[in-house]
Amino acid sequence: MTTLVRPPLVTAPLPTTHSRLLAWVREVAELTRPAAIRWCDGSAAEWEELTGELVRAGTLIRLNPAVKPNSFYTRTDPTDVARVEDRTFICSRDEADSGPTNNWVAPEEMKATMTELYRGSMRGRTMYVLPFCMGPLDADQPMFGVEITDSAYVAISMGIMTRMGSDVLAAMSAGGDAPFVPCLHSVGHPLEPGEPDLPWPCNETKYISHFPEERMIWSYGSGYGGNSLLGKKCYSLRIASAIARDEGWLAEHMLILKLTSPAGKTYHLVAAFPSACGKTNLAMLEPTIPGWQVETLGDDIAWMRFGSDGRLYAVNPEYGFFGVAPGTGWHTNPNAMRTIERGNSLFTNVALTNDGDVWWEGQTPRPPSQLTDWMGRYWTPDQGPAGGTPREPAAHPNSRFCTPIKQCPILSEDFDSPTGVPIDAILFGGRRATTVPLVAEARDWAHGVFLGATLSSETTAAATGKVGVVRRDPMAMLPFLGYNVADYFSHWLELGKQHSGRLPQIFYVNWFRKKADGTFLWPGFGENGRVLKWAIERMEGTADAVDTPVGLVPAAGSLDVAGLHLTPAEVEAAVAFDADEWRTEVPLIEEWFDLIGERIPTELLTELDLLKSRLDED
Ligand code: GTP
Ligand code: SPV
Ligand code: MN
């Protein structure tokens, strides 16, 4: 028998009596052997202390408080810059339940592999215990999680992105021990006695593993974003989608916004666009058309349940924004700029200015004359870091700001509502240079589900791998589904049947169609308010549409283009349905449905047949 050396759980008294939590913390500590354990309370003093330590360790650089108060800058290891989809696993008991779109390893095998990786992986480090709640703490069933991590960067980031700390811990045992999702994370870089730490410790070997039946997450080797902030994609999408399937609700990769018309009527919309395809920007839209106003509720994740009135209600489970930096500027997303100006933010892999501010491509029309780039190299606008051309961007394309949602100047007052806001419309959209019109309205729920199920988009820097490759990304959930994609489509269709009375209207949008010269046809950003207006007017019955095989597109003159600097021909090109492009698209949809296989619901095959026969008539 070996004697277990128990690291101090905490100096007595323990901060909780939650027995399952205490047992799990002890078990993880025995396996990973941290030098110390810290239960995080989410306080300002804790933020001070941890950011101070990270500055001393060289992980963080404090930004100039005159321009970015209480804000910090970090550069990751250049190999740890985005989600790793090829290292992400759904370890359901039955392989078929992970569906053909996920990587799968049997749960026991994955646990055996990862247990060996975790063995001693926190040596020389502090183990942080982060009690968090996704969504309001006063929800009927608060959705608790606890992340154990050996990264202080993860601890402070989770403090921004989730409701985290002692209030949550207290609530977890207020009415008896509450269930929670255990989320285990290690950067996989133990320190031997005397070994200096790295500014961004990580490991070449990476696993982002989900055990949907056990509602459990194990992550190893990466410190970045969706790989390590386990409340976000891992819990709120992959695990929550499996919970939602079992309980009859939806966990989606969607923004939530409130829209007020000039007449003062209010609407709520959600929109699913793949990673780095415009959710944060649409969520904080400043419409260019007079009288229309947007308020923000969420920019990445929506949990949606049907209310007793039969309507679909959405809640944002998060508490911060982890937004794409490049492209964010005063002319594109002024509300994001205002949010980060208030400070209390973390910036990862952007560029640093000489006066201690941050910069990224698209923040200003012209870059400053000198910068330190995201890899710490001297950078000027006309010279690459190695002196050569072409010049590489100063900020990594997936560089991000992490900032409290409460700082958003247009945050809706309903943000903290435990029941959420009633949804009038659902938008699906992707990044397509061709084929997909600016906007199309679905004919009905099943058609809308078909549009979502066949959604396609060019890949972006949000995940490692090639950028710009068109792939199917159903409901923008391809990398985030915790179960079989065919079952997911059936779930959407089934909910539509159960709640057929007052379903949201579904629309399909594309801000990214291009001209022959490679520039965007549609100016996007604040001008997207025109598309929202058309969608509202369709629902109110006041805008005309033309029926096409892909859905109902704006009739000539029905889209408000007053004051828009586009020629009528350019507007026509943006909204046009092109039958030839769709004839090219059909085989790609067929290939996608073949890949999904026999579990695909017949309604979707019927919709595909309908599309084909409409194209034949066209
Ligand atoms: P994730 O956080 O990865 O889920 O991304 P997201 O969907 O929130 O994307 P985001 O709004 O951050 O936008 C990603 C990129 O697309 C940024 O560089 C934006 O500037 C750009 N973008 C957003 N909206 C538009 C638009 O309407 N038109 C064009 N051309 N670009 C846009
Ligand atoms: C995404 O990739 O869709 C993101 C960023 O929102 S991450 O948190 O890294 O997943
Ligand atoms: Mn996202």
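In the block above lies the structure referred to throughout.
A short tour of the structure in this document, coming up. Everything numeric in this text was worked out from a predicted model, so none of it was measured. (Residues numbered from 1 in each chain as written. Chains lettered and ligands numbered in written order. Predicted model: local features only at pLDDT ≥ 70, side-chain atom pairs only at ≥ 80, totals over all residues. Heavy atoms only, no water.)

Inspection of the entire model under this criterion finds 37 salt bridges. Of the charged contacts in the structure, one is a salt bridge between Asp197 and Arg125, with a shortest N-O distance of 2.8 Å. On the criterion of sequence distance, the pair formed by Asp197 in the loop between strand S8 (181-186) and strand S9 (207-211) and Arg125 in the loop between helix H3 (107-118) and strand S5 (126-134) is long-range, its members being 72 residues apart. On the basis of relative accessible area, Arg125 is assigned to the buried category, the value being 7%. Here Lys258 makes a salt bridge to Glu295, at a shortest N to O gap of 3.9 Å. A residue pair is termed long-range when its members are at least 10 positions apart, and Lys258 in strand S12 (residues 254-260) and Glu295 in strand S14 (residues 293-298) qualify at 37 residues. (Salt bridge = Lys/Arg side-chain N within 4 Å of Asp/Glu carboxyl O. Helix = DSSP H or I, 4+ residues; strand = E, 2+ residues; numbered from the N terminus. Buried < 20%, exposed > 50% of the residue type's maximum accessible area, 1.4 Å probe, protein only.)

Close contacts around ligand 1 come from 22 residues, with Ala276, Lys279, Asn281, Pro326 and Arg400 the closest. In the environment of ligand 1, an oxygen atom lies 2.8 Å from a nitrogen or oxygen atom belonging to the side chain of Arg400. Within the contact set of ligand 1, an oxygen atom lies 2.9 Å away from a backbone nitrogen or oxygen of Phe525. Contact with the protein chains removes 92% of the 660 Å² of surface that ligand 1 exposes when unbound. Residues belonging to the shell around ligand 1 are distributed by class as follows: 10 nonpolar, eight polar and four charged. Residue contributions to the shell around ligand 1 reach at least three from each of two domains, namely domain 2 (250-317 + 413-617) and domain 3 (322-406). (Near = heavy atom within 4 Å. Polar contact = N/O pair within 3.5 Å; in protein donor to acceptor, adjacent residues only side chain to side chain. Areas by Shrake-Rupley, 256 points an atom, 1.4 Å probe, with all protein chains shown as cover. Nonpolar A, V, L, I, M, F, W, Y, C, P; charged D, E, K, R; others polar. Domains from an automatic or database assignment.)

The manganese ion (ligand 3) binds to the protein through Lys233 (NZ), His253 (NE2) and Asp300 (OD); the donor distances cover 2.2 to 2.3 Å. If you look at the manganese ion (ligand 3), its six donor atoms make angles of 65 to 174° with each other, and the shape they trace is irregular. Donor residues binding the manganese ion (ligand 3) come from one chain and are separated in sequence as K-x19-H-x46-D. Taken together, the residues span a long stretch of sequence, with Lys233 in helix H7 (residues 231-247) and His253 in the loop between strand S11 (250-252) and S12 at a distance of 20 residues. Residue class for Lys233 comes out buried when judged on its relative accessible area of 6%. (Donors = N, O, S within 2.8 Å, 3.2 Å for Na, K, Ca; no water. Tetrahedral: all angles 85-135°; square planar, octahedral: opposite > 155°, others 65-115°.)

Orientation of helix H2 (residues 44-56) relative to helix H4 (residues 152-161), taken along the N-to-C sense of each, is 140°, at an axis distance of 10 Å. Two packed elements cross with a definite hand, and for H2 against H4 that hand is left-handed. Contacts between H2 and H4 involve Trp47, Leu50, Thr51 and Leu54 from the first element and Ala152, Tyr153, Ala155, Ile156 and Ile160 from the second. Split by residue class, the contact of H2 with H4 holds eight nonpolar, one polar and no charged. (Axes fitted to C-alpha atoms, helices over the stretch in contact; angles between N-to-C directions. Left-handed = near helix turned anticlockwise from the far one by under 90°. Contact = heavy atoms within 4.5 Å.)

One finds Ile426, Phe428 and Trp492 to be the most contacted residues of the largest nonpolar core, which totals 99 residues. Ranked by the residues each element gives to this core, the list is headed by H4, at eight residues. Those residues in contact with Phe428 that lie beyond four places of it in its chain are Met254, Ala272, Phe273, Gly448, Gly452, Leu455, Met475, Trp492, Ile506, Phe507, Tyr508 and Val509. Membership of the second largest hydrophobic core comes to 35 residues, among which are Ile289, Phe507, Trp511 and Phe512. (Core = buried A, V, L, I, M, F, W, Y, C linked by side-chain atoms within 4.5 Å.)

Of all five residues in strand S10 (residues 216-220), five are buried, a share of seventy percent or more. The alternating pattern of S10 places Met216, Trp218 and Tyr220 on one face and Ile217 and Ser219 on the opposite face, and all of these are buried. Note that S9 and S10 share five bridges and pair antiparallel. Opposite Ser209, over in S10, you have Trp218 as the bridge partner. Hairpin geometry of S9 and S10 is characterised by an intervening segment of four residues between the two adjacent antiparallel strands and by a positive phi of about 55° at Arg215. (Pairing = 2+ DSSP bridges.)

This brings us to the site of ligand 2. By nearness alone, every residue bordering ligand 2 is listed as Arg83, Gly225, Gly226, Lys232, Lys233, His253, Ser275, Asp300, Phe322, Arg400, Ala462 and Phe480. For ligand 2, an oxygen atom lies 2.5 Å from a polar atom in the side chain of Ser275. Out of a free accessible area of 290 Å², ligand 2 has 98% covered by protein chains. Looking at the shell around ligand 2, the elements with two or more residues in it are helix H6 (225-228) and H7. Domain assignment of the residues forming the shell around ligand 2 places at least three in each of domain 1 (19-61 + 83-247) and domain 2 (250-317 + 413-617).

As far as function goes, none of this settles anything; it's purely spatial.
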